[in-house]
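In case you want the letters, here they are:
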Amino acid sequence: MSKTVILGVTGSIAAYKAAELASLMVKRNYVVHVIMTPAATRFITPLTLQAISQNPVHVDMFASPGSWEIGHISLAARADLVLVAPASADFIARLAAGMADDLLAATIMATKATVLLAPAMNDGMYANPVLQEKIVYLKGVGYRFIEPETGRLACGTVGQGRLASPEAIIGAVSQAFSSNQDLADKRILVTAGPTREPLDPVRYLSNYSSGKMGYAIAEEACRRGARVTLVSGPTQLAPPPGVSLVPVETAQEMFEAVVGRYDQVDAVIKAAAVADFRPRQKSEQKLKKQVFSPVLELERTPDILGYLGEHKSRQVLVGFAAETENLLENAGGKLRQKNLDLVVANNLTEPGAGFGVDTNLVTLLYSSGETVKLPVLSKKEVAGILLDKVAAIIQVQAKKV
Ligand code: CTP
């Protein structure tokens, strides 16, 4: 079946190049619907894009009931991909601010399809740290960017800001469609978030984990065809579509949920920040301050990953090592002690790494001794690279059996 692409065109001098992109996509048999921002119509007429795309071009959010319905609701739902080319600085900033003040921004806010943005602007605007921060943010929440090229710009200067070539843009579109199914039918268990260890009905011990890394892995694994179980401590995140969620609260509950499913899975990825200690006693009633001892007696929680490592048969085991010092030694120690195939090490003190943020800065350590230090990437990108490796190890294990 033909793929439906929404081509978004915004107010940049490169808007005229949208005509060629529309034409190349129609030639590839994509169904192309163009949405222009009002500013884009100053650079190229809707009529041109309508003739090339062979579909009505949408501009005005309030045009008429008929086009409202098609433009805003059904186009967002029907699209397999949204490509914004060119994406102006103003449009990128509005998208990052969560605004839906024209039809294109509203459609992107509403769609579940992949969104690709190809920026084009003056080099100074592109390099501006305000814009760069918006791009990092948008990448972190899953938007993909096709980098502008360096060359002579319409304003006469030479620098980075020229819309990527039609070949690069069409290549990115077709790559987005050739979805990688390298985990098809593999069963993957991911743990995420913190655990909570209760002291009484109103108090608990926990940590700052947001669950973002584990949820990104679960989502990406599902996208690649895996059957994913997400055992999650309490987080603010919605479970990714298609993932089977097992909510837990304590380390003991997580232990039972994971160990009970261990035999049926091909890989376990333990991104959760499990509490290592819990109060020795949980009071059934709220502890009154008169009886509250200032010294809390703690005991160890079960080491879930340690247990999985001891009882491993064919499963691929991936651990995380959150460290604040001696990153590689400590993470390497966990890799060996817990019998892991791979450990994802991050130094929580480095900018761009760790809890709560949308990016991560990690080093991968393999049981073979190989280490790979990655740059600061979105958690989604880290998830993608990690799963490439997990898929490769699963394949090697399958050959051994
Ligand atoms: N982990 C686990 N069960 C625990 C504690 C940790 O399964 N009770 C897992 C985490 O999910 C993570 C890995 O073990 O994948 C490493 O967690 P981390 O807290 O970094 O290390 P610990 O093993 O707890 O060691 P230490 O406290 O000495 O750093």
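Residues numbered from 1 in each chain as written. Predicted model: local features only at pLDDT ≥ 70, side-chain atom pairs only at ≥ 80, totals over all residues. Heavy atoms only, no water.

Here we come to the domain arrangement of the protein. Segmenting the protein into domains produces domain 1 (4–177) and domain 2 (187–280 + 291–400). Once you take the C-alpha centre of each, domain 1 and domain 2 turn out to be 37 Å apart. (Domains from an automatic or database assignment.)

As a further point, take the packing of helix α9 (residues 212–223) against helix α13 (residues 379–400). Each pair of packed helices can be described by the angle between their axes along with the distance between the axes. As a packed pair, α9 and α13 sit with axes 8 Å apart at the nearest point and diverge in direction by 55°. With respect to α13, the axis of α9 lies oblique. As for how α9 packs across α13, the hand of that crossing is right-handed. Facing K212, M213, A216, I217, E220 and A221 of α9, the residues of α13 in contact are K379, K380, V382, A383, G384, L386 and L387. Taken together, the residues of the contact of α9 with α13 sort by class into eight nonpolar, one polar and four charged. (Axes fitted to C-alpha atoms, helices over the stretch in contact; angles between N-to-C directions. Helix = DSSP H or I, 4+ residues; strand = E, 2+ residues; numbered from the N terminus. Parallel < 35°, antiparallel > 145°, perpendicular 65-115°, else oblique. Left-handed = near helix turned anticlockwise from the far one by under 90°. Contact = heavy atoms within 4.5 Å. Nonpolar A, V, L, I, M, F, W, Y, C, P; charged D, E, K, R; others polar.)

The next subject is the site of the ligand. Lining the immediate environment of the ligand, one finds 16 residues, of which K270, A272, F320, K334 and K338 sit closest. Residue K270 places a main-chain N or O atom 2.7 Å away from an oxygen atom belonging to the ligand. One nitrogen or oxygen atom from the main chain of P302 is found 2.9 Å from a nitrogen atom belonging to the ligand. Of all the elements in the fold, those that place two or more residues in the shell around the ligand are α11 (304–310) and β16 (316–323). Here the shell around the ligand gets four residues from one element, more than from any other, and that element is β16. (Near = heavy atom within 4 Å. Polar contact = N/O pair within 3.5 Å; in protein donor to acceptor, adjacent residues only side chain to side chain.)

Right, let's get into a nonpolar patch on the surface. Residues F277, L296 and L298 make up a contiguous nonpolar surface patch of about 250 Å² in total accessible area. Note on placement: L298 falls in strand β15 (residues 298–300). Looking at L298, the relative accessible area reads 34%, which means it is partly exposed. (Patch = residues over 30% accessible without salt bridge, like charges linked within 9 Å, V, L, I, M, F, W, Y side chains within 5 Å. Areas by Shrake-Rupley, 256 points an atom, 1.4 Å probe, with all protein chains shown as cover. Salt bridge = Lys/Arg side-chain N within 4 Å of Asp/Glu carboxyl O. Buried < 20%, exposed > 50% of the residue type's maximum accessible area, 1.4 Å probe, protein only.)

So, about the pairing of strand β4 (residues 114–119). Within β4, five of the six residues are buried, which leaves the element mostly enclosed by the surrounding structure. Sheet topology note: the strand β3 (residues 81–87)/β4 ladder contains five bridges and is parallel. Its bridge partner being in β4, A87 is matched across the sheet by P119. In terms of strand pairing, β4 meets strand β5 (residues 144–145) through two bridges, oriented parallel. When the bridges of β5 are listed, L117 appears paired with F145. (Pairing = 2+ DSSP bridges.)

Our focus in this paragraph is the pattern of salt bridges. With the rule as written, the count across this model stands at 18 salt bridges. The residue R224 makes a salt bridge to D182 at a minimum N-O spacing of 3.1 Å. Residue R224 is found in the loop between α9 and β11 (227–232), and its partner D182 is found in the loop between α8 (166–177) and β8 (187–192); the two are separated by 42 residues along the sequence. The exposure class assigned to R224 is buried, which follows from its relative accessible area of 4%.

One open sheet accounts for eight strands, arranged β12-β11-β8-β13-β16-β17-β19-β20; its pairing is mixed. Edge positions in the open sheet fall to β12 (244–247) and β20 (371–373), since each of these has one partner strand only. Across the sheet, the axes of successive neighbouring strands diverge by a mean angle of 15°, strand direction being ignored. Bridge analysis of β8 against β11 gives six bridges, and the strand direction is parallel. Looking across to β11, one finds that V190 is bridged to L230. Against the sheet, helix α10 (residues 251–259) touches β8, β11, β12 and β13 (267–270), its axis set at about 175° to β8.

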